[in-house]
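Inside the fold
Spelled out from the first residue to the last, the chains are:
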Amino acid sequence: MSQHTHSTEDHSHDEHASMSVGKIWKVFGILLLITVIEFIVALWVKPKGYLGSHEILIGNTIYIVLTLVKAFYIVAYFMHLKYEKLGLQLSLSISFIFIIYFIVLMFIEGGYLNLQMPSH
Amino acid sequence: MDSISKLDEIKNTPWSGGKSPFAAEYGKLMMWFFLLSDAFTFSALLVYYGAQRFSKVSWPSPDKVFQSIPGITDHGAPLVFVGIMTFILIMSSVTMVLAVEAGHRKSKKEVIGWMIATIIGGFMFLGCQAIEWSHLHHQGFWWGEIPAQAELEKFFINPASVSVVSAQQFANLFFTITGFHGFHVFSGVVINIIILIMTINGTFEKRGHYLMVEKVGLYWHFVDLVWVFVFTFFYLV
């Protein structure tokens, strides 16, 4: 029992070394900064028409890329996945191939309905 | 050949047995797999929402639907209130990591302090969400309910292309998805309170490690992660 506790301690000590209080606040700063950028785009850049004629496409691309960056920082640093074993990282992330497939599938379907059923 | 056969060599790789290949404790690993399945559930809801939006010619504009700051103004301030909600949730995620960090140092007092801060953040977010819901309900939106045609025109960019079906789908999906997320926040707060009580009772001190704080921390960050996506797809896009 005491041996088990000891190994757990060693394990958590390793993790501690990788995520200091300073690093936590740095990640918080990055997340806040990205959110502020999203707000600037939504409240200032887009209404003023700086994105040109494709503003919906460009705006949405910016939002989605920034969202994925935020998601990366939360999962990698707050949820600590960056410091886990590669095997765990892969088994959790590769599964999202199914979600990407699902997105493509459903959006093609939605786009088709948009064209074929304009009254809706 | 004086060396032993390849077949007789003792294998010492991570996957050849005798050790934990992911080097993660059982409960933590199971929390990860649960969160993966939960991520699939949320993805399914959001993909359906996206497919609906793609299939419609017009859709209520979030900038026009969400314009109020409770107690300050009823319209003309898009995104401000949800910005506050986002900040609250990110902030409570930070206090949760700080609780985990304090747990690594086995500092019971700091864990208690940061856990309390996280729980307060959770309650604040739930309060904001309740206000947001009741505001939208007063505007006439609910599951199966939308405002009258004349009112509805205010929520579309082009009043000529008002779609009753789109408005109804928007209302149903908004309440379902933010409701499902809010339910996760609520259960997260309940679990955090249980862990706080266990910390105060000294359960983890006796156990010698604060791994439970890490596990609920994973759940709490996941709730924050989902909100990042809900925020983008309901309020920005």
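Keep in mind the model is a prediction, meaning the values are calculated, not measured. (Residues numbered from 1 in each chain as written. Chains lettered and ligands numbered in written order. Predicted model: local features only at pLDDT ≥ 70, side-chain atom pairs only at ≥ 80, totals over all residues. Heavy atoms only, no water.)

Attention now goes to the nonpolar core. By size, the foremost hydrophobic cluster in this structure holds 91 residues, and its most contacted members are Phe-78 of chain A together with Phe-141, Phe-174, Val-213, Trp-227, Phe-234 and Tyr-235 of chain B. Of all the secondary structure elements, the ones that give two or more residues to this core are helix 2 (21-45), helix 3 (55-78) and helix 4 (86-93) of chain A together with helix 1 (26-55), helix 3 (80-104), helix 4 (108-138), helix 6 (164-200) and helix 8 (211-236) of chain B. Ranked by residues supplied to this core, first place goes to helix 8 of chain B with 16 residues. Apart from the residues within four sequence positions on either side, Phe-141 of chain B is in contact with Val-65, Leu-136, Ile-146, Pro-147, Leu-152, Phe-155, Ala-167, Phe-170, Ala-171 and Phe-175 of chain B. (Core = buried A, V, L, I, M, F, W, Y, C linked by side-chain atoms within 4.5 Å. Buried < 20%, exposed > 50% of the residue type's maximum accessible area, 1.4 Å probe, protein only. Helix = DSSP H or I, 4+ residues; strand = E, 2+ residues; numbered from the N terminus. Contact = heavy atoms within 4.5 Å.)

Residues and elements named next belong to chain B. The residue His-181 is located in helix 6 in this model. Exposure remark for His-181: the relative accessible area of 0% places this residue in the buried category. If sequence neighbours within four positions are ignored, His-181 has contacts with Phe-42, Leu-89, Phe-125, Gln-129, Val-223, Val-226 and Trp-227.

This brings us to a nonpolar patch on the surface. There is a patch of nonpolar side chains on the surface, built from Val-36, Ile-40, Leu-43, Trp-44 and Tyr-50 of chain A and spanning about 500 Å² of accessible area. For Ile-40 of chain A, a relative accessible area of 41% puts it in the partly exposed group. (Patch = residues over 30% accessible without salt bridge, like charges linked within 9 Å, V, L, I, M, F, W, Y side chains within 5 Å. Areas by Shrake-Rupley, 256 points an atom, 1.4 Å probe, with all protein chains shown as cover. Salt bridge = Lys/Arg side-chain N within 4 Å of Asp/Glu carboxyl O.)

Moving on, we come to the pattern of salt bridges. Between side chains of opposite charge, a pair can form as their charged atoms come close. Evaluation of the coordinates by the stated rule reveals eight salt bridges over all chains. The partner of Glu-84 of chain A in a salt bridge is Lys-28 of chain B, and the shortest N-O contact between them spans 3.5 Å. Taken together, the residues span two chains, with Glu-84 of chain A in the loop between helix 3 and helix 4 and Lys-28 of chain B in helix 1. For the salt bridge of Glu-101 of chain B with Arg-105 of chain B, the shortest nitrogen-to-oxygen distance reads 2.8 Å. The exposure class of Glu-101 of chain B is buried, given its relative accessible area of 5%. It is possible to trace a salt-bridge network through shared partners that takes in Glu-84 of chain A together with Lys-28 and Glu-214 of chain B.

In this section: the interface of chain A and chain B. Chain A puts 51 residues into the contact, and the matching count from chain B is 54 residues. Counting the contacts that link chain A with chain B gives one salt bridge. Put simply, chain A and chain B have five residue pairs in polar contact (both at pLDDT 80 or more) between them. Of all the elements in the fold, those that place two or more residues in the side of chain A that touches chain B are helix 1 (2-18), helix 2, helix 3, helix 4 and helix 5 (97-116) of chain A. Partitioned by chemical class, the residues of the side of chain A that touches chain B number 30 nonpolar, 15 polar and six charged. (Polar contact = N/O pair within 3.5 Å; in protein donor to acceptor, adjacent residues only side chain to side chain. Nonpolar A, V, L, I, M, F, W, Y, C, P; charged D, E, K, R; others polar.)

Time to look at the packing of helix 3 of chain B against helix 8 of chain B. Residue and element names in this part refer to chain B. Between helix 3 and helix 8, whose axes approach to 10 Å, the crossing angle comes to 160 degrees. By the angle between their directions, the pair helix 3 and helix 8 is classed as roughly antiparallel. In terms of crossing hand, the pair formed by helix 3 and helix 8 is left-handed. Contact with helix 3, carried on its side by Val-82, Met-85, Thr-86, Leu-89, Ile-90, Ser-92, Ser-93, Met-96, Val-97, Ala-99, Val-100 and His-104, involves Val-213, Glu-214, Val-216, Gly-217, Trp-220, His-221, Val-223, Asp-224, Trp-227, Phe-231 and Tyr-235 of helix 8 and no other residues of that element. (Axes fitted to C-alpha atoms, helices over the stretch in contact; angles between N-to-C directions. Parallel < 35°, antiparallel > 145°, perpendicular 65-115°, else oblique. Left-handed = near helix turned anticlockwise from the far one by under 90°.)

Quick look at the packing of helix 4 of chain B against helix 8 of chain B now. Any two packed helices are characterised by the angle at which their axes cross and by the distance between the axes. All names here are of chain B. Axis separation between helix 4 and helix 8 bottoms out at 13 Å; the angle between their running directions is 30 degrees. In terms of orientation, helix 4 and helix 8 fall into the roughly parallel class. Handedness of the helix 4/helix 8 crossing: left-handed. Only Val-213, Trp-220, Trp-227 and Tyr-235 of helix 8 make contact with helix 4, whose side of the interface consists of Val-111, Met-115, Thr-118, Gly-122, Phe-125, Gln-129 and Glu-132. Of the residues contributing to the contact of helix 4 with helix 8, the split by class is seven nonpolar, three polar and one charged.

Keep in mind that low pLDDT regions are not for reading the predicted coordinates in detail. A residue-level look at chain B finds 99% of positions with pLDDT of 70 or above and a mean pLDDT of 93. Scored as a complex, the prediction yields pTM 0.89 and ipTM 0.90. (pLDDT = per-residue confidence, 0-100.)

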